[in-house]
Amino acid sequence: DVKVTQSSRYLVKRTGEKVFLECVQDMDHENMFWYRQDPGLGLRLIYFSYDVKMKEKGDIPEGYSVSREKKERFSLILESASTNQTSMYLCATNIRAGYTFGSGTRLTVV
Amino acid sequence: AQSVTQLDSHVSVSEGTPVLLRCNYSSSYSPSLFWYVQHPNKGLQLLLKYTSAATLVKGINGFEAEFKKSETSFHLTKPSAHMSDAAEYFCVVSARNYGQNFVFGPGTRLSVLP
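This is a predicted model, so every value here is computed, not measured.

Trainee: Mind laying out the overall build of chain B, listing which residues take part and the relevant values?
Mentor: Scanning chain B for helices and strands turns up 0 helices and 12 strands. Listed N to C, the secondary structure of chain B is β-β-β-β-β-β-β-β-β-β-β-β in terms of helices and strands. Relative to a compact globule of 114 residues, whose C-alpha radius of gyration would be 13 Å, chain B shows 13 Å and is just as compact. Taken across its 114 residues, chain B has 45% of its residues classed as buried. A fraction of 59% describes how many contacts in chain B between residues 6 or more apart in sequence connect residues 24 or more apart. A total accessible area of about 5,300 Å² is found for chain B, and carbon and sulfur atoms account for 51% of it. When the 9 basic and 7 acidic side-chain charges of chain B are each reduced to a single mean position, those positions are 7 Å apart.

Structure (structure tokens):
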């Protein structure tokens, strides 16, 4: 089975800090995604990547950037964290059969 | 463009009674449809998927869903709810001609009462 690992389960950061959320997958999949999950809004796509060094904006990219230097690793970067970025962040990889998600990182910005 | 509507934000059933979670979609292309489940403090797990084969799809844990093109629906059902079914359920649509991006519905929280 594909395994998607997010490095932190819980994070608390201060407003203005630069924040890195790391995601690693072990199945050599090309597609990787970052979503945020908020109550009543479901999952919203922030960024995705089809291959190394490739990235595409999703539906809500503002305030975020990403890095894909190696196929197995997809990092989400909050350049200057704000309180409205407090959320659950989910990394995923997929093939046509569906997604595999990481366990999520619950980020609180204070 | 694709979109997904989950008609109920919260459904409450008694243990042993049937479960119905409703999902309607819109898609410019032939869709693939999925149901995912998320238990508290856990990641999302694939329950079942429709990708243009049989319209009645069976998934894990006794769940099934029926693709009805005329109604643009993909409702999730289970004949008898179990306490362990209490979770958040997400309906997801992907246009097969559109690429790999999926669109998630807002979710339905299922509560199961003893």
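Trainee: Hey, could you go over the interface of chain B and chain A for me, with residue numbers and the actual values?
Mentor: Each partner contributes to the interface: chain B provides 18 residues, whereas chain A provides 22 residues. Taking both sides of the interface into account, the surface hidden between chain B and chain A amounts to around 1,600 Å²; carbon and sulfur atoms contribute 50%. Taken together, chain B and chain A are joined by 0 salt bridges. Put simply, chain B and chain A have 1 residue pair in polar contact (both at pLDDT 80 or more) between them.

Trainee: Which residues make up the state of the cysteines, and what are the values?
Mentor: This model, assessed by the stated rule, comprises 2 disulfides over all chains. In this model cysteine 23 of chain A forms its disulfide with cysteine 91 of chain A; the gap between the sulfur atoms is 1.9 Å. With the S-S dihedral at roughly -75°, the linkage between cysteine 23 of chain A and cysteine 91 of chain A falls on the left-handed side. A residue pair is termed long-range when its members are at least 10 positions apart, and cysteine 23 of chain A in strand β4 (residues 23-25) and cysteine 91 of chain A in strand β10 (residues 87-95) qualify at 68 residues. Classification of cysteine 23 of chain A by relative accessible area gives buried; the value is 0%. Cysteine 91 of chain A gets classed as buried once you look at its relative accessible area, which sits at 0%. Note on cysteine connectivity: cysteine 23 of chain B is disulfide-linked to cysteine 91 of chain B, with sulfurs 1.9 Å apart. Classification of the bridge connecting cysteine 23 of chain B and cysteine 91 of chain B rests on its S-S torsion, roughly -65°, and on that basis the disulfide is left-handed. Of this pair, cysteine 23 of chain B sits in the loop between β3 (19-21) and β4 (24-26) while cysteine 91 of chain B sits in strand β10 (residues 87-95), and the two are 68 residues apart along the sequence. Note on cysteine 91 of chain B: relative accessible area 0%, which makes it buried.

Trainee: Outline the pattern of salt bridges, supporting the account with residue identities and numerical values.
Mentor: Proximity of charged atoms lets side chains of opposite charge pair with each other. Residue and element names in this part refer to chain A. Counted according to the given criterion, the structure contains 10 salt bridges over all chains. A salt bridge links glutamate 22 to arginine 73, with the nearest nitrogen and oxygen atoms 3.9 Å apart. Of the two residues, glutamate 22 is situated in the loop between β3 (19-21) and β4 and arginine 73 in strand β9 (residues 73-78); the sequence distance between them amounts to 51 residues. A relative accessible area of 38% means that arginine 73 is categorised as partly exposed. In this structure, the salt-bridge partner of aspartate 38 is arginine 36, at a minimum N-O distance of 2.9 Å. For aspartate 38, a relative accessible area of 12% gives the class buried. Taking relative accessible area as the criterion, arginine 36 reaches 8% and is therefore assigned buried. What emerges from the salt-bridge pattern is a single network uniting Asp28, Glu30 and Lys71.

Conventions we followed
- Per chain, residue numbering runs from 1 following the sequence as it is written.
- Starting at A for chains and at 1 for ligands, labels are handed out in the order in which the entities are written.
- It should be noted that, the model being predicted, local features are given only for residues of pLDDT at least 70 and side-chain atom pairs only at 80 or more, the latter also being counted only at that level, while totals for whole chains, interfaces and linings use all residues.
- Each side-chain value is derived from all of the structure's non-hydrogen atoms; neither hydrogens nor water enter the calculation.
- Here a strand is any run of E in DSSP of at least two residues, a helix any run of H or I of at least four, and the numbering for each starts at the N terminus.
- Values of the radius of gyration come from C-alpha atoms, whereas the globule rule sets the reference at 2.2 Å times the count of residues to the power 0.38.
- Partly exposed residues are those whose accessible area sits between 20% and 50% of the maximum for their type, while under 20% is buried and over 50% is exposed, using a 1.4 Å probe and protein chains only.
- Whether two residues are in contact is decided by their heavy atoms: any pair within 4.5 Å suffices.
- All accessible areas in this document rest on Shrake-Rupley with a 1.4 Å probe, and a residue is counted as covered only by the protein chains that are shown.
- In this count, Lys and Arg are taken as positive residues and Asp and Glu as negative ones, while His and the chain termini are left out.
- For the purpose of locating charges, the reference atoms are NZ of Lys, CZ of Arg, CG of Asp and CD of Glu.
- A 1.4 Å probe defines the accessible area here, and the buried area is the portion of it lost by two parts on being joined, summed over both.
- Salt bridge, as applied in this entry: a Lys or Arg side-chain nitrogen positioned within 4 Å of an Asp or Glu carboxyl oxygen.
- As used in this structure description, the phrase polar contact means that two N or O atoms lie within 3.5 Å; if the pair is within protein, one of them must be able to donate a hydrogen and the other to accept it, and residues adjacent in sequence are counted only when both atoms belong to side chains.
- Only a pair of cysteine sulfur atoms within 2.5 Å counts as a disulfide in this structure description.

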